[in-house]
Amino acid sequence: MNLLTITDLNLSIHKSDILRDVSLTVGQGEIVAVTGESGSGKSMTALAVMQLLPDLSTSSGSIQLDGTELTAVSEADMCALRGSAVGMVFQEPMTALNPVKTIGDQVAETILIHKAMPPARAKERAREVLERVGLSADKFPLSRFPHELSGGQRQRVVIAMAIALRPKLLIADEPTTALDVTTQAQILDLLKGLVKEENMGLLMITHDLAVVSDMADRIVVMRRGEIVETGATKHLLAHMQHPYTKMLFAASGHLVNLPTPPEPTPLLKVQNAVRDYQLPRTSLFAKPGHYRAVNDVSFTLHRGERLGLVGESGCGKSTLTRAILGLEPLQGGQIHLDGAPVFSGHSPNLDVRRKMQVVFQDPFGSFNPRHRVDRLITEPFFLLDTPPKGIARKDAIAQALTAVGLHPDDAYKYIHEFSGGQRQRIAIARALIIRPELILFDEAVSALDVSVRAQILDLLAELCTAYDLTYLFISHDLSVVRTVTDRVMVMQAGEIVEQGVTESVFTNPQHPYTKSLIAAAPRLPDLTPTSKEPVQ
Amino acid sequence: MLRYSLKRLMSLILSLAVASLVIFLVIEVAPGDPASFMLGINAQPDTVAALRTELGLDVPKTQRYLTWVSNMLNGDFGTSYTYRTSVATMIADRMWVSLPLALYALVLSTLIAFPAGIYAAARRGKAGDMAVMGATQLGVAVPNFWFAMMMVLVFAINLRWFSAGGFVGWDKGLWAGLHSLTLPAISLALPQAAILARVMRSSLLDILGEDFMRTARAKGLSRRQALWRHGVRNAMIPVLTIIGLQFSFLLAGSIIIEQVFYLPGLGRLVFQAISSRDLIVVESVVMLLVFAVIVVNFIVDLTYAAVDPRLRSRT
């Protein structure tokens, strides 16, 4: 018998349909992955099982957990089931724990709220289960607070809370999306191990097809609230039927063809760059300490070259980006663009600054919602001594919007009228409009769905041909960096540990850190018939 | 925690030193000299000279500052020019009214505001929330002296439960003292409670939207359990800030209420001292209030740390 059986689940919130006729099952000891792009309803399916749907939502259909019809039980009975029969792990470990309670109390709470054990025994069990998720007693006593742990460690605590009472079903909603690749690999291993040992069912929600293919026994593909395809992983990967499934896998492994870069002539020169942050004083009269975020970094970016910068969170990628943009002073070394320093005196050097533009990660937070698109994308004109006016300005706007695949009339809309992918196009238009010599892409495609990401990558490749772009592409996503860059640098703890031609770094990494990064990154299975482009 | 407290204590002492210097200098740089200011423009030169000697204005400024500070540390605030009595005794007498009144009002406002704010947040958008929010809107809008007058009308004149004004003194017993402070305390507390309840509600609503509240629900806590165990404590930081500000205000800002109920409090003392240009009293009361504000802030800082472990470890 199946552990979890969802039959014909329909859900609507505020009269808009979120789920339509969703049916799926999870067996004991089985890992079922629900995948799809944002808005596909995968998270809502998970919340429906927990009966933690947003207010004002109405649902029909049946959700049976181990013979109990969850849609029929009272809220009080549901509270008794949550945490004991079914546990849940969420996406964002940084905020999933209560900051004012110790990890021991929070894990023990799961046990105590269900009155499963006396308090002293609950503490022991909390210790045991923290041990099981890899947080040893000597390093992570129960008295630790969440802010004293890293993201991966916090996710372990969340998992410990979810499995403390040995639930039969574990639901994991994007459990590793917010984590670095090496941490992701560890957490996925942990989940796999738990499923095997405890014979739990795992319903895993993730957009990452590489993770899906690696983890799941069965895959459920969703689109706009409906299941489009489902099947055993191996079978589905080999014989996918639905065009949407095919498109998803093709887009995830999407490759682009970059034009050959011109003869190397240096554009951006970073020499022995050092960036220190002052730490707070430990006492009133002690000298404040320093944290070296960027340590002796040197590299040259040539005109027309596409350079990648990869590394895990906290490695100094963003600090280096800010230093290159001249937003922060260096404590040592120099950064020159076209022979001129990017930072002069106490402010960015405007002559240099107008030759550089940046595209940020968050397509939702990086625009002022009260301005129209024409004003948003012409903001870089403030850097010019004589910004174009009247017809010339209009032409520039139309040209930039057309270049990124939008319509010139879009200039008169507000940013909320656009989707995430369109916003990222607008961000690129904003960067292009003053024809910069160098563009910095800071995780520019990380927040996008795979199909949209594939389109943006294609757009980049087109722009490379049309505009001879030079860019620095900063990302934690190795597969993306691999396809859109000519050369790549690997950064660890403020230092560049390896750099070289992208393809050779990926096929033949030298530094142990690069090797571990590449080994940890989940890989899409080789699906030769679905790859549109031949591998370069 | 100890380290954090010591650091806060250091900054308390530093703030006090700076504040005393500022108060001293402000009175120094006031046009003319304090003696001629206190006596007015029509004063005889020899009266001014006499007062100058009495105030010690003929010694150098640095020395005068140091004497002033060291005298204060010894509890000597000088002698009032208009009343010819020790300022320290005057202030102490008034403090015995103002401090209990402020505390009483603060306790009342907290007792009203916490349940109201938590109740409203838990029933966001429902009738209960609307009712509480409507009431707090009224509480913020209506001035406290109007409450005071209404309460005198109802409870003192019609029902005769309380006296309409005056303070019986603590020597009549704790109960009698509190009884005569009740109406003023309620009038002071109502507007404060209205503000505090709104802060509590919005702060708690922010917290209810946090990820860890969802985690708590996934563990099997009911809505109510999640709210009390994970919500309230996290919502306390903005609430504590407001409580600290309100207490400082209550201590000296209750002058209108003191006037309505004819209470011999600090507010009225300052008011009288300013109108009679008694700089010695003004200076001392201001210093005392600054001291109170800084100490209250210190206590608020410590409660922050007690509530939020992240502040304890941030040195």
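What you see is a predicted model; the values in this text were computed from it and never measured.

Asker: Can you explain the interface of chain A and chain B? Please cite residues and give values.
Answerer: With 30 residues of chain A at the interface, the matching set in chain B holds 26 residues. Both faces considered, chain A and chain B share a buried interface measuring about 2500 Å² in area, 56% of it formed by carbon and sulfur atoms. On the surface where chain A and chain B come into contact, there are four salt bridges. For the salt bridge of A:E75 with B:R217, the shortest nitrogen-to-oxygen distance reads 3.2 Å. Where chain A packs against chain B, one counts 14 residue pairs in polar contact (both at pLDDT 80 or more). Elements with a minimum of two residues in the side of chain A that touches chain B: α2 (75-81), β6 (86-89) and α3 (103-113) of chain A. The class makeup of the residues in the side of chain A that touches chain B is 14 nonpolar, nine polar and seven charged.

Asker: So, the pairing of strand β2 (residues 16-26) of chain A: which residues are in play, and what are the values?
Answerer: Residues and elements named next belong to chain A. Relative to β2, strand β1 (residues 4-13) is paired through seven bridges, and the arrangement is antiparallel. Bridge pairing in β2 links I13 to S16. Adjacent in sequence and paired antiparallel, β1 and β2 are bridged by two residues, among which H14 carries a positive phi angle near 55°.

Asker: Please provide a residue-by-residue account of the sheet that holds strand β10 (residues 226-232) of chain A, values included.
Answerer: All names here are of chain A. Reading across from one edge, β6-β7-β8-β3-β9-β10 is the order of the six strands in this open sheet, with mixed pairing throughout. If you trace the sheet from one side to the other, it starts and ends with β6 and β10, each paired once. Between one strand and the next, the sheet's axes are offset by a mean angle of 15°, whatever the strand orientation.

Asker: Lay out the side chain of B:E258 in plain terms, naming residues and giving numbers.
Answerer: Residues and elements named next belong to chain B. Along the chain, E258 turns up in helix α12 (residues 255-261). Buried within the structure, E258 lacks any salt-bridge partner; R268 is the closest side chain of opposite charge, at an N-O distance of 5.6 Å. In terms of polar contacts, E258 uses its side chain to reach the backbone amide nitrogen of G267, at 3.2 Å. Those residues in contact with E258, other than ones at most four positions away along the chain, are S98, L263, G265, L266, G267 and R268.

Asker: How would you summarise the confidence of the model for chain B if you had to cite specific residues and measurements?
Answerer: Residues and elements named next belong to chain B. Per-residue pLDDT for chain B has a mean of 87; in total, 98% of the residues score no lower than 70. Per-element confidence in chain B ranges from a low mean pLDDT of 74 for helix α2 (residues 34-39) to a high of 93 for helix α6 (residues 127-141). Across the whole predicted complex the pTM is 0.83, and at the interface the ipTM reaches 0.81.

Asker: Provide a residue-level description of the pairing of β1(A), including the pertinent values.
Answerer: Relative to strand β4 (residues 57-65) of chain A, β1(A) runs antiparallel, the two sharing eight bridges. Among the inter-strand pairings, A:N10 is bridged to a residue of β4(A), identified as A:S60.

Cut-offs used in this document
- Sequence positions are assigned chain by chain, starting from 1 and proceeding in written order.
- Ligands are numbered from 1 and chains lettered from A, in the order in which they are written.
- At least 70 in pLDDT is required for a residue's local features to be given in this predicted model, at least 80 for side-chain atom pairs to be given and counted, and no such filter applies to totals for whole chains, interfaces and linings, which use all residues.
- In computing side-chain values, all of the structure's heavy atoms are included and hydrogens and water are not.
- Only heavy atoms enter the contact rule, under which two residues are in contact if any of them lie within 4.5 Å.
- Buried area counts how much accessible surface, traced with a 1.4 Å probe, disappears from two parts once they are put together, with both parts' losses summed.
- Whenever Lys or Arg places a side-chain nitrogen within 4 Å of a carboxyl oxygen from Asp or Glu, that contact is recorded as a salt bridge.
- Any pair of N or O atoms that falls within 3.5 Å is considered a polar contact. Within protein, one atom must be able to donate a hydrogen and the other to accept it, and sequence-neighbouring residues count only if both atoms are side-chain atoms.
- By definition, any uninterrupted DSSP run of H or I lasting at least four residues is a helix, any uninterrupted run of E lasting at least two residues is a strand, and each is numbered from the N terminus.
- In this classification, Asp, Glu, Lys and Arg are treated as charged, Ala, Val, Leu, Ile, Met, Phe, Trp, Tyr, Cys and Pro as nonpolar, and every other residue, Gly included, as polar.
- When DSSP finds two or more bridges between two strands, those strands count as paired.
- In this analysis an axis means a line fitted to C-alpha atoms, helices contributing only their contacting stretch, and an angle means the value between N-to-C directions, from 0 to 180 degrees.
- A simple rule labels every residue: compare its accessible area, found with a 1.4 Å probe on the protein chains alone, to the largest value its type can have, and call it buried under 20%, exposed over 50%, or partly exposed in between.
- Under this rule, positive means Lys or Arg and negative means Asp or Glu; His and the chain ends count for nothing.
- Note: pLDDT gives the predictor's confidence per residue, expressed from 0 to 100.

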